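# Fold and geometry: a report
Residues per chain, in single letters:
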Amino acid sequence: MQKVVISVVCNDFGNVFCVSADLSLFRFITTELTRGYFLEHNEAKYTERREKVYTCLRIPKELEKLMTFGFFLCLDTFLYVFTLLPLRVILALLRLVTVPCCGLSGSRLLQPAQVCDVLKGFIMVLCYSMMGYVDYAMMYHLIRGQSVIKLYIIYNMLEVADRLFSSFGQDILDALYWTATEPKEKKRAHIGVIPHFLMAVLYVFLHAILIMVQATTLNVAFNSHNKSLLTIMMSNNFVEIKGSVFKKFEKNNLFQMSNSDIKERFTNYILLLIVCLRNMEQFSWNPDHFWVLFPDVVMVIASEVAVDVVKHAFITKFNDISADVSPFFTRLRFSFCLSPAYTDYSDSVSRRMGFIPLPLALLLIRVVTSSVKIQGSLSFMCVLLFYLGMITLKVLNSIVLLGTSCTFVKEANMEEKLFEPPPSAASMPLKTDVSQPTNMADITSTVLPKSDSDTFLTTPDGDDDDKIINADTGLEEEGLKQRTPKKDLLEIDRFTICGNRID
């Protein structure tokens, strides 16, 4: 028998080489069991991998901080519809009645902000009266009679439709507000508000019906005996991981996806509240039944949080993005301080998130009024106290958000950015006929707003994001080198609600 002679040599880097030598099998096994790895020779590579692990571990804490701040921003916008909007509509209607009676013909009947408030109020009243013809019980039994797989498909279609409605609905409302408040030379031009108003009423009504079907489907899932539908609907959240994790993301794209997640989570909370109200009504407000629903509610919320954490953790890992969310806080806080839009501080921030409170608030009002019966003076007193409590919560929430945002802006030395004039039509190039020279003073006098209240329609959609990016001192050095053009944020405000990537 021929003897095989092999020599195993290990260098300083842990690499193994086979050379001819007079060694036995025992020597070979001993070398395999005692050789080292020498990790210190690849210090940079292993340090980078360790930092990626630390980044993934920091994601839950940093993400929940951002989600909590965004939740209170959405709550501020949502409470505005129930608290301050009715009072503002009443004040606007009183002004509409008193100004002609007092003989103040030279002054405007309503300021632009008041016009928008009145339009919102009329939209809510008309849509609420239309919602009265929708039978919730018949819808519930119609959905309950469907098979599990069909309900799963319906729920997925409703989620997609909700994002599409949110994306297009804000443009419909903006078109209505601007058509109603833009300067008009002839009274006949005011007729153009009517088709925009009808379109806005139709949109809010259809969007509210869509959210009602979502809530009804979720209610059927809660009341199913084997909970199979609820499990399938929660597992649908994990499909979202597959659709987003393996795509290329820049920091701006991650910021917009975070805004969409904030809006989606807040909407899910309201849907769960509606489901609990409907179930408690069916069981005569028995508190014991709430604890029957409580585990399912916690399970839905926990699955949503887990999906968001996993999704953001792996996106930051695959795209080498740090776990620092201070740039995201900077943009949200700066937008909150800068917002002069549509009579509410949180309006521009909710626009950035794609959150439209009118359909959701309309559905909640419809469910509460049909579930809670008000009888007697004591009930009216309870409703009044509850309304005063909501106003108090809204005011305190706004004060805290605005105070913390202004403090942050002051500490970051960004105060001068707040007082820079927004882009107006006067700054845009005007096309004039060369053969007919025009006085530029007359043009600017007709283009510029006549009062401070006319500037409420300027929202921080475009160049204000450039201010935020320029003032964002918290971005890390590597992020500054790889930053996409500042124009990107202008294009992603309301066009990435569906969660697609932006190249």
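Bear in mind that the values here come from a model prediction, so they are computed numbers and not experimental data. (Residues numbered from 1 in each chain as written. Predicted model: local features only at pLDDT ≥ 70, side-chain atom pairs only at ≥ 80, totals over all residues. Heavy atoms only, no water.)

### Quick notes on the overall build of the protein chain
- When helices and strands are tallied, the protein chain shows 19 helices and 2 strands.
- Counting across all 503 residues of the protein chain, residues that qualify as buried make up 44%.
- In the protein chain, of all internal contacts separated by at least 6 residues, the share reaching a separation of at least 24 is 81%.
- Entry remark: accessible area of the protein chain is about 27,800 Å², with carbon and sulfur atoms responsible for 66%. (Helix = DSSP H or I, 4+ residues; strand = E, 2+ residues; numbered from the N terminus. Buried < 20%, exposed > 50% of the residue type's maximum accessible area, 1.4 Å probe, protein only. Contact = heavy atoms within 4.5 Å. Areas by Shrake-Rupley, 256 points an atom, 1.4 Å probe, with all protein chains shown as cover.)

### Re the UniProt feature "transmembrane region" (unreviewed entry) in the protein chain
- In this structure's numbering, the residues bearing the UniProt feature "transmembrane region" (unreviewed entry) are residues 66-83, 122-143, 197-222, 355-372 and 378-402.
- Secondary structure across residues 122-143 divides into 82% helix and 0% strand, with the first and last C-alpha atoms of the span separated by 31 Å.
- The span residues 378-402 is 100% helix and 0% strand, and its two end C-alpha atoms sit 36 Å from each other. (UniProt positions renumbered as here; feature names shortened; annotations may be inferred.)

### Regarding helix H2 (residues 43-82)
- Here H2 contains 40 residues, and its C-alpha end-to-end distance of 58 Å stays within 8% of the 58 Å for a straight helix at 1.5 Å per residue.
- The sharpest bend along H2 comes to roughly 40°, located at isoleucine 59, with the proline proline 60 sitting one to four residues further on. (Expected span 1.5 Å × (residues − 1). Bend = angle between axes of the 7 residues up to and from the residue.)

### Concerning unusual backbone geometry
- For serine 284, which is not glycine, the phi torsion reads 55° and is therefore positive.
- Here serine 284 lies in the loop between helix H9 (251-282) and helix H10 (287-318).
- Within the chain, tryptophan 285 stands out as a residue other than glycine whose phi angle is a positive 55°.

### Focus on the packing of aromatic side chains
- Counting across every chain of the model gives 12 aromatic pairs.
- Plain terms: the ring middles of phenylalanine 71 and tyrosine 269 are 5.7 Å apart, the flat faces sit at 70° to each other, and that makes the pair edge-to-face. Taken as a pair, phenylalanine 71 in helix H2 and tyrosine 269 in helix H9 lie far apart in primary sequence, 198 residues in all.
- By relative accessible area, which is 25% here, phenylalanine 71 ends up partly exposed.
- Tyrosine 269 gets classed as partly exposed once you look at its relative accessible area, which sits at 27%.
- Taken together, a centroid distance of 5.1 Å and an interplanar angle of 35° make the contact between phenylalanine 255 and phenylalanine 328 tilted. Highlighted residues: phenylalanine 255 in helix H9 and phenylalanine 328 in helix H11 (residues 326-338), separated in sequence by 73 residues. As far as burial versus exposure is concerned, phenylalanine 255 and phenylalanine 328 are alike and both buried. (Phe/Tyr/Trp six-rings, centres within 6.5 Å; stacked < 30°, edge-to-face > 60°.)

### A word on the nonpolar core
- Formed by 99 residues in total, the largest nonpolar core has its most connected members in Phe78, Ile123 and Phe222.
- Once residues within four sequence positions are removed from consideration, phenylalanine 78 is found in contact with Phe266, Ile270, Phe355, Pro357, Leu360, Ala361 and Leu364. (Core = buried A, V, L, I, M, F, W, Y, C linked by side-chain atoms within 4.5 Å.)

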